[in-house]
Amino acid sequence: MKNKFGNKAASLVSIIGEDGPTSVFIVGRSNSKRTFKQNIHKFLYDVRKKRIVKSLKANPHSMEQVASYITELGFSEVDKSESEYKTEYSQMRASFIMQHKPELLGDLAESPKLENHEEETIKLFMEQIEQRQKAAEDIPPDIFDIDLHMYKKDDGNNQSKIIVEKNYGYIGGSASGSKNGFMRKFDKTFRKVYQYYGVTQKDIDNNTKRYIELVKTLARR
């Protein structure tokens, strides 16, 4: 069966990423050469990125202002007592511990490495990932906590979600739907939120993570 990496076999492992509860794919034995279509996408991305870097001006907003802006776009905040919020909070808090406070994990502080793509090695790697995730989730909130807010918009078969973590300035989003153009519309909305968050002049001058993430988000299509 063909896959998106070409005709050669590829080893894919889905894990919880350290930047948040997102799927990360580790690829092995894949064709490293880009297709013509991928080269075109890369070229267009680079063009957009250069244009954004050249035109971007300092216009920052706080996470509180971002949260208000999201509700102005028609999203409603999910109550913290709901199971969906609790699941997102647990996974996100664990991910932030692994990213920002790995020393709290003791012997599991260092992220495991995938040495090769043999079946047994991958199995052990996944067990280590799960063990580290569980250890992070078991750390009490009074030792490490986050200020997570979830916003949703539900339109029948089309749902979209935006996540805001106010302590660390994290913004994430996801969507699913059947309407033509729905995903493109959500991507546009998400970029609007990120652009509203903006950057300071100091972010621009020092090429901070906030600045880098904004440029990457606005350049994606």
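This text follows the structure it describes.
All residue numbers here refer to positions counted from 1 along the written sequence of the relevant chain. Local features in a predicted model are, by the rule used here, given only for residues with pLDDT of at least 70; side-chain atom pairs are given and counted only at 80 or more, and totals for whole chains, interfaces and linings are based on all residues. For the side-chain quantities, the full set of heavy atoms in the structure was used; hydrogens and water were omitted.

1. Comments concerning the packing of helix α3 (residues 83-100) against helix α4 (residues 119-138)
What describes two packed helices is the angle between their axes and the distance between those same axes.
Item 1. Orientation is described by lines fitted to C-alpha atoms, with helices fitted over the stretch in contact, and by angles between N-to-C directions that extend from 0 to 180 degrees. For helices the rule is a DSSP run of H or I covering at least 4 residues; for strands it is a run of E covering at least 2, with both sets numbered from the N terminus onward. At a closest axis distance of 8 Å, the pairing of α3 and α4 adopts a crossing angle of 105°. Put simply, α3 runs roughly perpendicular to α4. Across the interface between the two elements, Ser 90, Gln 91, Arg 93, Ala 94, Ile 97 and Met 98 from α3 touch Arg 132, Gln 133, Ala 136 and Glu 137 from α4.
Item 2. In the contact of α3 with α4, the residues fall into four nonpolar, three polar and three charged. Between 65 and 115 degrees an angle is taken as roughly perpendicular, under 35 as roughly parallel, over 145 as roughly antiparallel, and anywhere else as oblique. Any two residues whose heavy atoms approach within 4.5 Å are treated as being in contact. Lys, Arg, Asp and Glu make up the charged group, whereas Ala, Val, Leu, Ile, Met, Phe, Trp, Tyr, Cys and Pro make up the nonpolar group; the residues left over, Gly among them, are polar.

2. Quick word on a positive patch on the surface
Item 1. On the surface, a cluster of positive charge is made up of Lys 153, Lys 185, Lys 188 and Lys 192.
Item 2. Of all the elements, helix α5 (residues 182-197) adds the most residues to the positive patch, at three residues.
Item 3. Counting through the fold element by element, Lys 153 comes out in strand β4 (residues 148-155). Patch rule: a residue counts if its relative accessible area is over 30% and it has no salt bridge; like charges are joined within 9 Å, and nonpolar side chains (Val, Leu, Ile, Met, Phe, Trp, Tyr) within 5 Å. Method for areas: the Shrake-Rupley scheme with a 1.4 Å probe, in which residue coverage is limited to the protein chains shown. A pair is scored as a salt bridge if a Lys or Arg side-chain nitrogen falls within 4 Å of a carboxyl oxygen belonging to Asp or Glu. Under the counting rule used here, the positive set is Lys and Arg, the negative set is Asp and Glu, and His together with the chain ends is not counted. Lys charges are placed at NZ, Arg charges at CZ, Asp charges at CG and Glu charges at CD.

3. So, the environment of Phe 190
Item 1. Turning to its location among the elements, Phe 190 is positioned in helix α5.
Item 2. Each C-alpha atom of the pair Phe 190 and Ser 160 lies 9.9 Å from the other, and the pair is 30 residues apart in sequence.
Item 3. With sequence-adjacent residues up to four places away left out, Phe 190 is seen in contact with Ile 171, Gly 172, Gly 173 and Thr 217.

4. A look at the pairing of strand β5 (residues 158-165)
Item 1. β5 sits mainly inside the fold: seven of its eight residues count as buried.
Item 2. The loop that links β4 with its antiparallel partner β5 comprises two residues; one of these, Gly 156, has a positive phi angle of about 65°.
Item 3. As defined by bridge partners, β5 adjoins strand β6 (residues 170-176) across seven bridges and the pair is classed as antiparallel. From the neighbouring strand, Glu 165 faces β6, where its bridge partner is Tyr 170.
Item 4. By definition, two strands form a pair when at least two bridges between them are found by DSSP. Hairpin geometry of β5 and β6 is characterised by an intervening segment of four residues between the two adjacent antiparallel strands and by a positive phi of about 70° at Gly 169. Type-normalised accessible area, obtained with a 1.4 Å probe on protein chains alone, sets the label of each residue: buried when under 20%, exposed when over 50%, and partly exposed for intermediate values.

5. Looking at a nonpolar patch on the surface
Item 1. Where nonpolar side chains cluster on the molecular surface, the patch consists of Phe 36, Ile 40, Phe 43, Leu 44 and Val 47 and spans about 510 Å² of accessible area.
Item 2. Here Val 47 lies in helix α1 (residues 36-55).

Geometric values such as these leave the question of function open.
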